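# Fold and geometry: a report
Okay, here's what each chain looks like letter by letter:
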Amino acid sequence: MRQTSLARTILQPLGLAVALGLIVRGALHIYAIPSDSMAPTLHAGDQIVVTPYLRATPNRGDVIVFESLTTPDELMVKRVIGVPGDLLDSRLGRVRISGYTLPEPYILRQGTSGALPAQLVAAESYFVMGDNRDDSSDSRSWGLVPRSRIVGRARMVLWSSASAVGDEARAAARKDPAGETRVRPRGGLFKWIE
């Protein structure tokens, strides 16, 4: 049996741990949610894990983080509603794609998307909206998000603050007469973002 030196026994696992840490740090980013524009999916104070798309492209329904189109150095988080080539409009406050109503079980209240004029989503661009349609600045007001401004996809709520603001949004979700919303309880660790 070969004996290894004490230094090698200590430095080898330490070097491996540092290398793995650098790889993970390059692939994962953690951001704090500043508002309830994505309630009930995300709440102010949630810490989310975001991964870059690399070669993949965002899909309809993905929750993404991107550079703001209106405020330099600010990041925003919204849900992809329209992808390149989609023909979007709305009817009775519900989003339609090519004439078919988009099922949106994640939004705070159904029928609150407002009037969307018919528009075609351009190549390399995305139409995004917050899940809390009553309280969200999104593509309805400032237009499409270019692919080049997308930082990555929000994958998981790493940690959620039970004392975060936004109780009015949660109360509105509980009062929804159609019962079409799903309210994520606050607090806890490691919750996948749907």
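That block above? That's the structure.
Criteria and thresholds
- In every chain, residue numbers begin from 1 and rise along the written sequence.
- Local features in this predicted model are restricted to residues of pLDDT 70 or higher, and side-chain atom pairs are both shown and tallied only at a pLDDT of 80 or more, whereas totals for entire chains, interfaces and linings draw on every residue.
- The side-chain numbers reported here are obtained from all heavy atoms of the structure, hydrogens and water having been left aside.
- Only Phe, Tyr and Trp rings are paired, with Trp represented by its six-membered ring, and only when their centres lie within 6.5 Å; those with planes under 30 degrees apart are stacked, over 60 edge-to-face, the remainder tilted.
- Put simply, DSSP marks the helices as runs of H or I at least four residues long and the strands as runs of E at least two long, and each gets a number from the N terminus on.
- Classification of residues uses two cut-offs on accessible area relative to the type maximum, computed with a 1.4 Å probe and protein chains only: under 20% is buried, over 50% is exposed, and between them is partly exposed.
- Each ring is checked for a lysine NZ or an arginine CZ that lies within 6 Å of its centre and within 35 degrees of its normal; such an atom marks a charge sitting over the ring.
- Note: two strands are recorded as paired if DSSP finds a minimum of 2 bridges between them.
- Just to be clear on terms, a salt bridge is a Lys or Arg side-chain nitrogen sitting within 4 Å of an Asp or Glu carboxyl oxygen.
- Residue contacts are counted whenever heavy atoms from the two residues lie within 4.5 Å of one another.

### Section: the packing of aromatic side chains
A complete count under the given rule lists one aromatic pair for this structure. Here F66 and W142 contribute two aromatic rings whose centre-to-centre distance is 6.0 Å and whose plane-to-plane angle is 55°, an arrangement assigned as tilted. With F66 in strand β3 (residues 63-67) and W142 in helix α2 (residues 139-142), this residue pair connects regions lying 76 residues apart in the sequence. Exposure remark for F66: the relative accessible area of 0% places this residue in the buried category. W142 gets classed as buried once you look at its relative accessible area, which sits at 17%. The ring of Y106 has R79 lying over it, and the distance from NZ or CZ to the ring centre is 3.8 Å.

### Considering the sheet that holds strand β7 (residues 100-101)
Backbone-to-backbone hydrogen bonds join strands into a sheet, with any given pair of strands oriented parallel or antiparallel. Within the open sheet, the four strands sit side by side as β7-β6-β5-β8. Their pairing is antiparallel. The sheet is open, and its two edges are formed by β7 and β8 (119-120), each paired on a single side. Pairing of strand β6 (residues 94-97) with β7, which is carried by two bridges, proceeds in the antiparallel orientation. Bridging across to β7, R96 finds its partner in T101.

### Looking at the pairing of strand β11 (residues 150-159)
Of the strand pairs in this sheet, strand β2 (residues 47-51) and β11 are connected by five bridges, and their pairing is antiparallel. Bridging from a neighbouring strand, V49 pairs with M156 of β11. Examined bridge by bridge, β3 and β11 share three bridges and lie antiparallel to one another. Along β11, the bridge assignment pairs V65 with G152.

### Points about the pattern of salt bridges
Considering all chains together, one arrives at seven salt bridges under this definition. Here R96 ties to D89 by a salt bridge, and the two come within 2.8 Å at their closest N and O atoms. Pair check on accessibility: R96 and D89 agree, each one buried. Between R109 and D134 there is a salt bridge, with its nearest N and O atoms 2.3 Å apart. You can see R109 sitting in the loop between β7 and β8 and its partner D134 sitting in the loop between β9 (125-129) and α2, a full 25 residues away along the chain.

### Considerations on the side chain of D86
As for its placement among the helices and strands, D86 is situated in the loop between β4 (75-82) and β5 (87-91). Those residues in contact with D86 that sit more than four places away from it in its chain are R60, I81, I97, Q119, L120 and V121.

### Digging into the side chain of T112
You can see T112 is positioned in the loop between β7 and β8. For T112, a relative accessible area of 16% puts it in the buried group. For T112, the contacting residues outside a window of four places in its chain are G93, R133, D134 and R140.

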